[in-house]
Each structure stands twice: as structure tokens, then as C-alpha cells.
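# Per-entry structural report
Read off the chains here:
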Amino acid sequence: MRPLTEEETKVMFEKLSKYIGENIKLLVDRPDGSYCFRLHNDRVYYMSEKILKLATNISRDKLVSALDFLAPYAKFKVWVKPGQEQSFLYGNHVLKSGLGRITENTMQYQGVVVYSMTDVPLGFGVAAKTTQECRRVDPMSIVVFHQADVGEFIRNEDTLT
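These numbers come from a predicted model, not from an experiment.

## A word on the pairing of strand S7 (residues 111-116)
Side-chain direction in a regular strand flips from residue to residue, so the side chains alternate between the two faces of the sheet. Across the six residues of S7, six count as buried, placing the element largely inside the fold. Judged by which residues are buried, S7 turns out to be covered on both faces: Gly111, Val113 and Tyr115 on one side and Val112, Val114 and Ser116 on the other are all buried. Both strand S4 (residues 77-80) and S7 contribute to a ladder of four bridges, which runs parallel. Counterpart to Val80 in the pairing with S7 is Ser116.

## Things to note about the side chain of Gln110
As for its position among the elements, Gln110 is in the loop between strand S6 (99-102) and S7. Polar contacts involving the side chain of Gln110 include one to the main-chain carbonyl oxygen of Lys18, which spans 2.5 Å. Those residues in contact with Gln110 that lie beyond four places of it in its chain are Lys18, Phe76, Gly125, Val126 and Ala127.

## Points about the packing of aromatic side chains
Scanning all chains against the criterion turns up five aromatic pairs. Taking the centre distance of 5.4 Å and the plane angle of 25° together, the rings of Tyr35 and Tyr46 count as stacked. You can see Tyr35 sitting in strand S2 (residues 35-40) and its partner Tyr46 sitting in strand S3 (residues 43-48), a full eleven residues away along the chain. Given the relative accessible area of 11%, Tyr46 is considered buried. When the ring of Trp79 is compared with that of Tyr115, the centres are 5.8 Å apart and the planes differ by 25°; the resulting orientation is stacked. Taken together, the positions of Trp79 in strand S4 and Tyr115 in strand S7 put the pair 36 residues apart, joining distant regions of the chain. Comparing Trp79 with Tyr115, the two get one shared label, buried.

Here is what the cut-offs are and how they apply
Residues numbered from 1 in each chain as written. Predicted model: local features only at pLDDT ≥ 70, side-chain atom pairs only at ≥ 80, totals over all residues. Heavy atoms only, no water. Buried < 20%, exposed > 50% of the residue type's maximum accessible area, 1.4 Å probe, protein only. Helix = DSSP H or I, 4+ residues; strand = E, 2+ residues; numbered from the N terminus. Pairing = 2+ DSSP bridges. Polar contact = N/O pair within 3.5 Å; in protein donor to acceptor, adjacent residues only side chain to side chain. Contact = heavy atoms within 4.5 Å. Phe/Tyr/Trp six-rings, centres within 6.5 Å; stacked < 30°, edge-to-face > 60°.

See the structure below:
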């Protein structure tokens, strides 16, 4: 695990801002201690510096996804119906027929956090349509492009080292 280079940090913050906007400040300037980003095998981890010191004693399979930390700060959210959850967790895009709710004023190609109807964060996506377009499109139209999900670790477990 190593610190990000200046270029990697810039790219990471640009991507992160698509999902949580100016709420990035809330991740960096926290009242409960110092937090940092670290790179390990093409994955960026967000952790407290106290945990970083202990991380040398934690096996890789016990590392935690950042989704639970980023989801509360998301500016744009999409909720999928129960029948669409499994499809999304298998890596498929979200169709209009599986869309439960969407944050007002979501723009096309805006980064979104995908939730179940019970407010469990499932993953990340990109809005294929604006909020207004979602109201009038065909039920089989794609409304959110799949980016990553919590089921990805299980699907790719053999190739992650």
C-alpha cells in the first residue's frame, strides 16, 4: 500500500467529484481525525491514519469497500426496485422498468450512487438520462450505466490479488 502520486490524486478527486461533488471536503477535513487515500493493486482505499498504521496486520481479503463511506455524501442517487437489484449486482445496467426513484435535477452522464429501495448502497453508475427524460422513456430503456457494485468482488474474486 502506497500514497497516491500527484497525478493519481488529481484523477481520483476528479472521478470522486462526479459522484459526491464538493462534499469531497467532508472526506478530507474530518473532525474525528486524519484520513488518507492509499493505492494497492489498482484500487484506492480511504482510511484513517490510525487504521493505516494497523493495516500491515490486516489481510487483503478483510479490506472494506469505500462505498459505505462515499454513499452518504452522494449528491445524486438512484433507487432500484427489488427485482432490479440482483440484475445490477450481476453487472447489468439499470432499466427504466427497474427504476424506483431518482434524485431531482440529475443530469445526463452524472455520476450516481445506486441504492436498493431500503437505502442500502449497491454501487456506482452514470445517469444515461436526465431526471425529466426518465419520466417519459420506454420501460426497456437504459437509465443508469453500471460502473461498479458490491457484487463485483465476489464475481472477480479469483483475479483480485
